[in-house]
Amino acid sequence: MILARPIALDRSSDLEPALVRLGLPTPARAYLLDKLPHAQLLLTGLGRPEGRFLREACETTSAAGLLPRYVPGNHQLRPGTALVSGARDQLDRLAQAARAAEGMRPLAAALERALAVDVPPPPMSLGERTFAWGERTYLMGVLNVTPDSFSDGGLHASPQAAIARGLELAGAGADLLDIGGESTRPGAAAVSTDEELQRVLPVIEELHARIDVPLSVDTSKSAVARAALGAGAAMVNDVTAFAGDSELAAVTAAAGAAACLMHMQGTPRTMQSDPRYEDVVAEVLEQLQTAIDRAEAGGMPRVRVLIDPGIGFGKTPAHNLFLLRHLPELRVLGCPVLVGTSRKSFVGALTGQKAPHRRLFGTLGSVAAVAARAGADLVRVHDVGEAREALAVVDAISRANDGGTLWAPTGRS
Ligand code: HH2
C-alpha cells in the first residue's frame, strides 16, 4: 500500500525518525537536518544599513529575504521590517556574515538568538533546588494571603490558614510557592507596605522553616521584597516588571534572588478597559526586553530572570489565546518562560464557568496546551496536585526523549 503522511514537526529533530526510515546513517541525517527544515524569521527595528546588508547577504547565503522585490505588485514593506526564510545552514551563514560585517553586531545577536530558541535556558538554582529548564514543566503554586484575590480571596487570609495551604501545596508537588499579599485583579484596592508585610512575612518565615520548596514573593514593593528575601524567599515575582518601584531590581539583585518579570498593559486598575495591540507578540517581547534591561541596570544577571507574558493583564481573551499559541516565540529572549492561566476569566469565558474555583478543567486544558507546545517552563496554578498529574502525561508525550530507542535500527550509527 502506498502511504503518504505529513510529519508533525515541532522542532527539526522531529524529522529524524523519517530519515532513519529512509535508511540514512547518522552523518547523512545530521547533514540533512541542517538542509531540510525551513524557518521564517520576522525582523523588526532594522535601520537602513541592516536592510542593505540583508538584501546582499540573502543573495550570498541563498536565504530568501522578503524584501520589496519579492513582494507581488512591488508593495513597499514597512520600513525597518523583513521576513527572512531559509534552511538552518543558510540562516546560520546569514548570522555568521552579520557577525563578521562592520556595524552588524546587533543584527547578528538578534539572528543568533532566534536560531537558538530550541536551546533551553541554563539551569537555575532557587533555594535548595535546581530547575533544569527543558527537562519538564515546573509548577508554581499560588498562595494568596489576601481577602480579595479574584480566585481564592479570603480563603487563606489568616497566617495559620495560609501556612496550612502552603504545606498542602508543597505536599501536592509544587516546585515553587508564590506568596502574595496584594491582589492584582482589575480594580483591586491598594495595600499599604505595612499591611502587605503583615500578611506575607509570617507565612514566608514559617514555610521557609518547615519545607524545602523555594518561595517566591509576589510583590511590587522593594520594602516587602527586602523583608521577604531576608526571611528566606528566593524569588521576586513583580507584575510591574521593575517599572513600579525603582529600588526593586537592586534589592532583588543584592539578595542574589531570581526575578519574574511580567508584561502588563496599563495598571491593574485600568488594564481591562480597552486593551489594544497592533502586534501583541512583538509588543510583549519589546516590553519584556526593556524590563530585562531594567533588571540588568539594577545589577541582576540575566540568568536569574524569568519572563511572563502576563495572561489577563491588559489583554482581551483573543489577545490571551493568540499569545498562548505563539508562546514559543518568547524564547528569543533566552529566559525561562512562566505562564499564569489558572482560573482566569478567559478560561471562564470559554467554559461558561463564572465562578473561578469551577475553572479547574479549563485551567488544566490551558496548562496542557502551553506545556505541550514547549513554550512554558513554569506554570503558575492554584490546583497543584491536579496540574501535576496532567503535566506528568503531557510532558511524557511532548518532551520525552526516547533516545532514538523506538526508531533507530540497532547496530547502525
Ligand atoms: N497572575 C496573578 C497574579 N500574579 N504573576 C505572574 N508572574 N503571572 C501571572 O499570570 C499572575 C501573577 C493573578 O492571579 P491570582 O494571584 O490568583 O489573583 P490576585 O492577583 O487577585 O491575587
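Residues numbered from 1 in each chain as written. Predicted model: local features only at pLDDT ≥ 70, side-chain atom pairs only at ≥ 80, totals over all residues. Heavy atoms only, no water.

Bringing the overall build of the protein into the picture now. Scanning the protein from N- to C-terminus turns up 14 helices and 13 strands. Here the protein has a C-alpha radius of gyration of 23 Å; the compact-globule value for 413 residues is 22 Å, and the two agree. Considered along the principal axes of its C-alpha atoms, the protein spans approximately 65 × 55 × 45 Å. For the protein, the proportion of contacts with a sequence separation of at least 24, taken over those separated by at least 6, is 67%. (Helix = DSSP H or I, 4+ residues; strand = E, 2+ residues; numbered from the N terminus. Rg over C-alpha atoms; globule rule 2.2 N^0.38 Å. Contact = heavy atoms within 4.5 Å.)

Taking 1.5 Å per residue, 13 residues should reach 18 Å; helix α4 (residues 88–100) reaches 18 Å between its end C-alpha atoms and fits that length. When we look at burial in α4, the residues that qualify are D89, Q90, L91, L94, A95 and A98. At its buried positions, α4 is contacted by α2 (26–35), β1 (38–43), α3 (48–61), β3 (82–87) and α5 (105–115). (Expected span 1.5 Å × (residues − 1). Buried < 20%, exposed > 50% of the residue type's maximum accessible area, 1.4 Å probe, protein only.)

The geometry of an aromatic ring pair is captured by the separation of the ring centres together with the interplanar angle, meaning the angle of the planes. Evaluated as defined, the whole model comprises three aromatic pairs. Judged by centre distance (5.5 Å) and plane angle (35 degrees), the ring pair of F131 and W133 falls under tilted. Of the two residues, F131 and W133, both sit in the buried class. A centroid spacing of 4.8 Å and a plane angle of 50 degrees characterise the contact between F131 and Y138, whose relative ring orientation is tilted. By the burial criterion, F131 is buried, and Y138 matches it. Clustering of aromatic rings is evident, with ring pairs tying together F131, W133 and Y138. (Phe/Tyr/Trp six-rings, centres within 6.5 Å; stacked < 30°, edge-to-face > 60°.)

Right, let's talk about the domain arrangement of the protein for a bit. By domain assignment, the protein separates into domain 1 (3–115) and domain 2 (124–398). Counting residues at the interface gives five residues for domain 1 and five residues for domain 2. When the two sides are added together, the surface that domain 1 and domain 2 hide from each other amounts to roughly 450 Å², 31% of it contributed by carbon and sulfur. Taken as a group, R11, R78 and R113 account for 67% of the area that domain 1 buries against domain 2, more than any other trio of residues on that side. (Domains from an automatic or database assignment. Buried area = accessible area lost by both parts, 1.4 Å probe.)

Time to look at the sheet that holds β1. Backbone-to-backbone hydrogen bonds join strands into a sheet, with any given pair of strands oriented parallel or antiparallel. Strand order in the open sheet made by the three strands is β1-β3-β2, with antiparallel pairing throughout. Looking at which strands have only one partner, the edges of the open sheet turn out to be β1 and β2 (64–65). (Pairing = 2+ DSSP bridges.)

Here we take up the layout of surface pockets. Using a probe with the size of a water molecule, rolled over the atoms, empty space left in the structure can be pinpointed. In this structure, the second largest pocket occupies an estimated 490 Å³ of space. Considering the residues around the second largest pocket, the lining is formed by 33 residues, among which F150, T184, R185, F313 and K344 are closest to the centre. At the level of secondary structure, the elements contributing two or more residues to the lining of the second largest pocket comprise β6 (138–144), α11 (317–325) and α12 (345–351). (1 Å grid on protein atoms, 1.4 Å probe; cavity = no way out; pocket = protein on both sides within 12 Å on 5 of 7 lines; lining within 4 Å. Points joined across faces, edges and corners; volume = space filled by probe spheres on them.)

With that out of the way, let us pick up the pattern of salt bridges. Here the structure, examined in full by the defined rule, presents 19 salt bridges. With a closest N to O distance of 3.0 Å, R199 and E195 form a salt bridge. Of this pair, R199 and E195 are both found in helix α7 (residues 193–210), four residues apart, which corresponds to roughly one turn of the helix. The network of salt bridges with common partners includes K35, D89 and R93. (Salt bridge = Lys/Arg side-chain N within 4 Å of Asp/Glu carboxyl O.)

Only a minority of non-glycine residues have a phi that is not negative, and only a minority of peptide bonds are not trans. Its identity is not glycine, yet F242 carries a phi of approximately 65 degrees, on the positive side. Here F242 is to be found in the loop between β9 (235–238) and α9 (248–254).

In this section: the pairing of strand β13 (residues 378–381). Where burial is concerned, the two faces of β13 agree: the one with L378 and R380 and the one with V379 and V381 are both buried. Two elements, β6 and β13, share four bridges in a ladder whose sense is parallel. Note on β13: the bridge partner recorded for Y138 is L378. Sheet topology places strand β12 (residues 338–339) next to β13; two bridges connect them, and they run parallel. Residue pairing for β13: L338 is matched across the bridge by L378.

In this section: the site of the ligand. Taken together, the neighbourhood of the ligand is formed by 20 residues, with S149, S183, T184, D308 and K344 sitting nearest. At 2.7 Å from an oxygen atom of the ligand is found a side-chain nitrogen or oxygen belonging to S183. A distance of 2.5 Å is found between an oxygen atom of the ligand and a side-chain nitrogen or oxygen belonging to T184. If the ligand stood free it would expose 470 Å²; the protein chains cover 98% of that surface. Broken down by secondary-structure element, the contributors of at least two residues to the shell around the ligand are β6 and β10 (258–262). Tallied by class, the residues present in the shell around the ligand amount to seven nonpolar, eight polar and five charged. (Near = heavy atom within 4 Å. Polar contact = N/O pair within 3.5 Å; in protein donor to acceptor, adjacent residues only side chain to side chain. Areas by Shrake-Rupley, 256 points an atom, 1.4 Å probe, with all protein chains shown as cover. Nonpolar A, V, L, I, M, F, W, Y, C, P; charged D, E, K, R; others polar.)

On to the packing of helix α6 (residues 159–171) against α7, then. Across the interface, α6 lies against α7 with an axial gap of 9 Å and an inter-helix angle of 35 degrees. For the crossing formed where α6 meets α7, the hand is right-handed. In contact with P159, A162, I163, G166 and L167 of α6, α7 contributes P202, V203, E206, L207 and R210. Looking at side-chain class alone, the contact of α6 with α7 contains seven nonpolar, one polar and two charged residues. (Axes fitted to C-alpha atoms, helices over the stretch in contact; angles between N-to-C directions. Left-handed = near helix turned anticlockwise from the far one by under 90°.)

Let us look at the sheet that holds β9. Read across the open sheet, the eight strands follow the order β11-β10-β9-β8-β7-β6-β13-β12; overall the sheet is parallel. Strands with a single pairing partner mark the edges of an open sheet, and in this sheet they are β11 (305–308) and β12. Contacts from α7 reach β6, β7 (176–180) and β8 (215–218), with the element oriented near 155 degrees to β7.

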